[in-house]
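Spelled out, the chains give:
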Amino acid sequence: MKLKWRARGARRMIEKVKVYPYPVQVQGTPYYLVEYIKFRQPQGRAVIGDPQTLAADVPRAHEILFHFYALSEKIQTDGRMRAAVQIDFFKKPLDLTEDNPHPDLQAGRKQLSKMLQLQLRYRRAYDRFQETLQQLEQSQEPITKQEMEQAEYTAGELEVLQYDLVRTIADNTEDLGGYIRAAEKHGHWEKLTKSQQVFLRQLIKNESLMKQEYQQMDVSRNGPLEERIDKQADKMRSYKHRDQKEEQKLLRVLS
């Protein structure tokens, strides 16, 4: 509340003040990112130190804070709905046909199994980062190099996993459609819930749009998965760097 009160020094008429919860430490002083909001729209930002703000430390503090929060927002925006996809949408069809010898099920099963593993890893990565944010909020400790590297790695990991998921679906709609037809033929389809059936049918729709989506994604496409994720994490180190420099020029000065 003290920080919020001090941050009001740069507030303009009818603006609300938001102090972001995770600080960064520069020269032993914690610094927080402040946002000024009017009619639910951001109007400007500032950086505030506790107990005092040193002008010489503001650029470095802003660089770290902007980068961490930009990556956090990207992970939340890109990952929230995707991580929430139910695992049973993949697992239940696989479980139902696990001991089934019919060859017309096997190609589709292979793709569903691959998608399940990708979705499980996607969810684990997303959930781990949410746990890190919760720990930061509870401890009120500053963002360290470890949390920054995790944010960069997680953002890169989710992008690569999403690329692989979309590509697996788009490039294998024939196998997935064959699996649905075979499941209906052999009496497995009616054992799935309505939502599971709808999910599987949606996978084989909009093939061209999904191909266009993954072809436009700026991710490393060749090589082992772990190497591709490392390369994508490297790209995340300069994520929105130009935006950060532009915002830094417009930071409000606290009186």
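Residues numbered from 1 in each chain as written. Predicted model: local features only at pLDDT ≥ 70, side-chain atom pairs only at ≥ 80, totals over all residues. Heavy atoms only, no water.

### Some points on the side chain of serine 72
So, step 1. You can see serine 72 is positioned in helix H2 (residues 58-83).
So, step 2. Excluding its chain neighbours within four sequence positions, the residues that come into contact with serine 72 are Phe129 and Leu133. (Helix = DSSP H or I, 4+ residues; strand = E, 2+ residues; numbered from the N terminus. Contact = heavy atoms within 4.5 Å.)

### Focus on the packing of aromatic side chains
So, step 1. For the structure shown, the criterion picks out eight aromatic pairs.
So, step 2. Here the aromatic rings of tyrosine 22 and phenylalanine 68 are separated by 6.2 Å at their centres, their planes lie at 90°, and the arrangement is edge-to-face. Taken together, the residues tyrosine 22 in the loop between strand S1 (16-19) and strand S2 (24-26) and phenylalanine 68 in helix H2 connect sequence positions 46 residues apart. Like tyrosine 22, the residue phenylalanine 68 is buried in the burial classification.
So, step 3. Aromatic pair phenylalanine 68 and tyrosine 69: ring centres 5.9 Å apart, planes at 80°, arrangement edge-to-face. For the pair phenylalanine 68 and tyrosine 69, a shared accessibility class is recorded, and that class is buried.
So, step 4. An aromatic cluster is present here, built from Tyr20, Tyr22, Phe68, Tyr69 and Phe129 joined pairwise through their rings. (Phe/Tyr/Trp six-rings, centres within 6.5 Å; stacked < 30°, edge-to-face > 60°. Buried < 20%, exposed > 50% of the residue type's maximum accessible area, 1.4 Å probe, protein only.)

### A look at the pattern of salt bridges
In a structure, side chains of opposite charge can pair up when their charged atoms sit close to one another.
So, step 1. One pass over the structure, following the stated rule, counts 20 salt bridges.
So, step 2. A salt bridge links glutamate 15 to arginine 252; the shortest N-O distance between them is 2.7 Å. Placement of glutamate 15 in the loop between helix H1 (2-7) and S1 and of arginine 252 in the segment after helix H10 (241-249) is noted, with a sequence separation of 237 residues between them. In terms of burial, glutamate 15 and arginine 252 fall into one category: buried.
So, step 3. Each of Arg121, Arg128, Glu157 and Glu226 takes part in a single network of salt bridges with overlapping partners. (Salt bridge = Lys/Arg side-chain N within 4 Å of Asp/Glu carboxyl O.)

### Some words on H2
So, step 1. In this model, H2 (26 residues) spans 35 Å end to end at C-alpha, consistent with the 38 Å of a helix rising 1.5 Å per residue.
So, step 2. Along H2, the sharpest change in direction is near 25° and occurs at threonine 77. (Expected span 1.5 Å × (residues − 1). Bend = angle between axes of the 7 residues up to and from the residue.)

### What to know about the nonpolar core
So, step 1. Counting 58 residues, the largest nonpolar core has Val47, Phe68, Leu112, Met115 and Leu200 as its most contacted members.
So, step 2. Sequence-distant contacts of valine 47, defined by excluding residues within four places in its chain, comprise Tyr31, Tyr32, Leu33, Thr53, Val58, Ala61, His62, Leu65, Leu251 and Leu254.
So, step 3. Judged by nonpolar contacts, the second largest core, of nine residues, contains Leu3, Ala7, Val17 and Tyr36. (Core = buried A, V, L, I, M, F, W, Y, C linked by side-chain atoms within 4.5 Å.)

### Things to note about helix H6 (residues 173-185)
So, step 1. Compared with the 18 Å implied by 1.5 Å per residue over 13 residues, the 18 Å span of H6 between its first and last C-alpha is a close match.
So, step 2. Turning to H6, its buried residues number three or more, namely Thr173, Leu176, Gly177, Gly178, Tyr179, Ile180, Ala182 and Ala183.
So, step 3. A positive phi of about 85° marks glycine 187, the residue just after H6.

### A closer look at the side chain of threonine 168
So, step 1. Tracing the chain through its elements places threonine 168 in helix H5 (residues 145-170).
So, step 2. Among the polar contacts listed, one links the side chain of threonine 168 to the backbone oxygen of aspartate 164, at a separation of 2.6 Å.
So, step 3. Ignoring anything within four residues of it in the chain, the contact list for threonine 168 reads Gln111, Lys114, Met115 and Leu118. (Polar contact = N/O pair within 3.5 Å; in protein donor to acceptor, adjacent residues only side chain to side chain.)

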